[in-house]
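Architecture and fold: a report
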Amino acid sequence: MNSTGATADAGSEQHLRRALSNRHIQLLAIGGAIGTGLFMGSGKTISVAGPSVIFVYMIIGFMLFFVMRAMGELLLSNLKYKSFSDFASDLLGPWAGFFTGWTYWFCWVVTGVADVIAIAGYTDALIPGVPLWIPGLLVVVILLALNLPTVAAFGEMEFWFALIKIVAIVALIATGLVMVFTGFQHDAGTASFSNLWEHGGMFPQGFMGFVAGFQIAVFAFVGIELVGTAAAETKDPKRNLPKAINAIPIRVLLFYVGALIVLMAVTPWTEYVAGESPFIAMFALAGLGIAATVVNLVVLTSAMSSANSGIYSTSRMVFGLAQDGDAPRMFARLSKRRVPQNALFLSCILLLSGVVLLYAGKDIGTAFDMVTTVSAVCFMFVWTIFLCSYLKYRRTRPEKAAASAFKMPGGVFMVFVVLAFFVFILWALTTQPDTLTALLVTPIWFAILIVAWVFVRKSPHHIARHEAHIAYLRDETIDAH
């Protein structure tokens, strides 16, 4: 395809269809903010940080709200931005689009592979003896079938996935509150809000226990930026994107903080251990014998939701990279239904590696924890690029920043506050052996990207595609579809 074709690709012919309604985008934002980590990982977080974990989730949610506001202001400053790799490329230069797009793609491929393995594990718990490759392969086929027809089909499926997660959390909070207000008695004591401070205070593990909570909890928030990936396919983005982003703090308070307060009020934090779901323990205490089956189904759905989001976001990111000349041209093609089917097939083929990993040995869980930690560190890199792009936008396009109807609260000052918080998180990751190992391994990915970039940036095809794409993004006479 020549440079003329590149312009066509970037222009009116090869655009994604705006088919996600307000209902879809709201639930996509909730689904992105509630990870599988809340259902299964909160036991470990509570055991290391005690009741102070409540403040951990509040602080992380508060900081990431500003990251999302910066992202939202940038996306709405130019409706031709398909995703954040577009504004990174436009504001910081072609290297930023390349590094952001491929790093985000890598994050979700790793997370998606983890989800395929998790789904196979949960299926084995529900149907003992089933060969692990069957659910692993089945989930990839189902997700491909759901994503190929239209983006609305993806939005509809994600809507129901997120709804199941919400119902599970609301049921937990309601059940827990009934137990607290009726003074429910069990082996570990009486359900009461006083359990939050009567077992060593709010910070029973001291400052370092509090810090350890951050390095686990931050992984629960990956995917919160999914609304940004869906920006190009959102109906009325100027109305729906701000609504979804502004609701993030309330959702964090309700779904994370609310659930954790209830869990630790019913059962003292000292009873929780890593590797066991507090949700199962809570429903079992309430006398719901089928709790394990129900929660396994919910977590299975949560993992399906995450894998669904992963397939969606990786395919859109590769599509954007291809339009910018950073990925092979074949991935810039859309089907008749305006779905990037070649990019979808690539994502699904990579997810199949999860099926292979199922048979790699019993120690795969440990290796996988490390890989997903690497993924979370890479997510932080992507969030940092959002903030750096925002700083450049404020400096080089002050007229657009002044005219913005969705200004980031605190502006430049809050960007530096959040960047300082990310430095704190990186330090927190060095305090635990497993996360320290992952942190030391992460530079390998960036080394691979640097080598790839050295070759890509000199390619005449890349230069032509990038120039055509940036010209399209900056041409104010062309309407964004």
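Calculation rules
Residues numbered from 1 in each chain as written. Predicted model: local features only at pLDDT ≥ 70, side-chain atom pairs only at ≥ 80, totals over all residues. Heavy atoms only, no water. Helix = DSSP H or I, 4+ residues; strand = E, 2+ residues; numbered from the N terminus. Buried < 20%, exposed > 50% of the residue type's maximum accessible area, 1.4 Å probe, protein only. Contact = heavy atoms within 4.5 Å. Areas by Shrake-Rupley, 256 points an atom, 1.4 Å probe, with all protein chains shown as cover. Phe/Tyr/Trp six-rings, centres within 6.5 Å; stacked < 30°, edge-to-face > 60°. Expected span 1.5 Å × (residues − 1). Arc of directions from axis to C-beta. Salt bridge = Lys/Arg side-chain N within 4 Å of Asp/Glu carboxyl O. Patch = residues over 30% accessible without salt bridge, like charges linked within 9 Å, V, L, I, M, F, W, Y side chains within 5 Å. pLDDT = per-residue confidence, 0-100. Axes fitted to C-alpha atoms, helices over the stretch in contact; angles between N-to-C directions. Nonpolar A, V, L, I, M, F, W, Y, C, P; charged D, E, K, R; others polar. Polar contact = N/O pair within 3.5 Å; in protein donor to acceptor, adjacent residues only side chain to side chain. Parallel < 35°, antiparallel > 145°, perpendicular 65-115°, else oblique. Left-handed = near helix turned anticlockwise from the far one by under 90°.

If you tally the helices and strands in the protein, you get 22 helices and two strands. Counting over 481 residues, the protein shows a buried share of 58%. Sequence-distant contacts in the protein: of pairs separated by 6 or more residues, those separated by 24 or more amount to 84%. Surface accessibility of the protein: about 18,500 Å² in total, with carbon and sulfur atoms responsible for 69%.

Taken as a whole and judged by the stated rule, the model has 28 aromatic pairs. The interplanar angle of 85 degrees and the centroid separation of 5.0 Å between the aromatic rings of tryptophan 102 and tryptophan 105 together place this pair among those described as edge-to-face. With a gap of three residues between them, tryptophan 102 and tryptophan 105 both fall in helix α6 (residues 94–126), about one helical turn apart. Side by side, tryptophan 102 and tryptophan 105 carry an identical accessibility label, which is buried.

Take helix α19 (residues 411–429) next. The end-to-end C-alpha distance of α19 is 28 Å, a good match for the 27 Å that 19 residues give at a rise of 1.5 Å each. Those residues of α19 lying buried are Gly411, Met414, Val415, Val418, Leu419, Phe421, Phe422, Ile425, Ala428 and Leu429. Buried positions in α19, seen along its axis, are confined to an arc of 165 degrees and lie on one side of it. Seen from the open side of α19, the exposed residues pointing more than 90 degrees away from its buried face are Phe413 and Val423.

Under the counting rule described, the total for this entry stands at one salt bridge. The partner of aspartate 90 in a salt bridge is arginine 397, and the shortest N-O contact between them spans 3.1 Å. Within this pair, whereas aspartate 90 is found in helix α5 (residues 84–92), its partner arginine 397 is found in the loop between α17 (364–396) and α18 (398–403), the two being separated by 307 residues in sequence. Of the two residues, aspartate 90 and arginine 397, neither departs from the other in class, the shared state being buried.

Bringing the environment of glycine 61 into the picture now. Examined against the element boundaries, glycine 61 turns out to sit in helix α4 (residues 53–77). For glycine 61, a relative accessible area of 4% translates into the label buried. For glycine 61 and leucine 253, which are 192 residues apart along the polypeptide, the C-alpha to C-alpha distance reads 8.3 Å. In this view, glycine 61 contacts Phe221 and Val252; residues no more than four positions away in its chain are not counted.

Turning our eyes to something else, we now look at a nonpolar patch on the surface. There is a patch of nonpolar side chains on the surface, built from Trp133, Ile134, Leu137, Val141 and Leu352 and spanning about 410 Å² of accessible area. In this fold, leucine 137 is placed in helix α7 (residues 133–147). We classify leucine 137 as partly exposed; its relative accessible area is 36%.

With that settled, consider the confidence of the model for the protein. Across the protein, the average pLDDT comes to 79, with 84% of residues at or above 70. Ranking the elements of the protein by mean pLDDT puts helix α1 (residues 3–10) last with 36 and α19 first with 93.

Another point: the packing of helix α11 (residues 237–246) against helix α12 (residues 248–266). Running from N to C, α11 and α12 cross one another at 35 degrees; their axes reach a closest spacing of 5 Å. When α11 is examined against α12, the residues Ala244, Ile245 and Asn246 are found in contact with a partner set consisting of Ile248, Pro249, Ile250 and Arg251. Residues that form the contact of α11 with α12 fall into these classes: five nonpolar, one polar and one charged.

A word on the environment of asparagine 195. Here asparagine 195 lies in the loop between β2 (189–190) and α9 (206–217). Using a relative accessible area of 7% as the deciding quantity, one classes asparagine 195 as buried. Along the sequence, asparagine 195 and threonine 267 sit 72 residues apart, while their C-alpha atoms lie 7.3 Å from each other. Of note is the side chain of asparagine 195, whose polar atom sits 3.0 Å from the backbone oxygen of threonine 190.

Turning our eyes to something else, we now look at the packing of α4 against α9. Where α4 contacts α9, the axes come no closer than 9 Å and their chain directions differ by 50 degrees. Put simply, α4 runs oblique to α9. Considering only the axes of α4 and α9, their crossing is right-handed. In this structure, α4 contributes Phe55, Val56, Tyr57, Ile59 and Ile60 to the contact, and α9 contributes Phe210, Gly213, Phe214 and Ala217. Of the residues that constitute the contact of α4 with α9, the class distribution is eight nonpolar, one polar and no charged.

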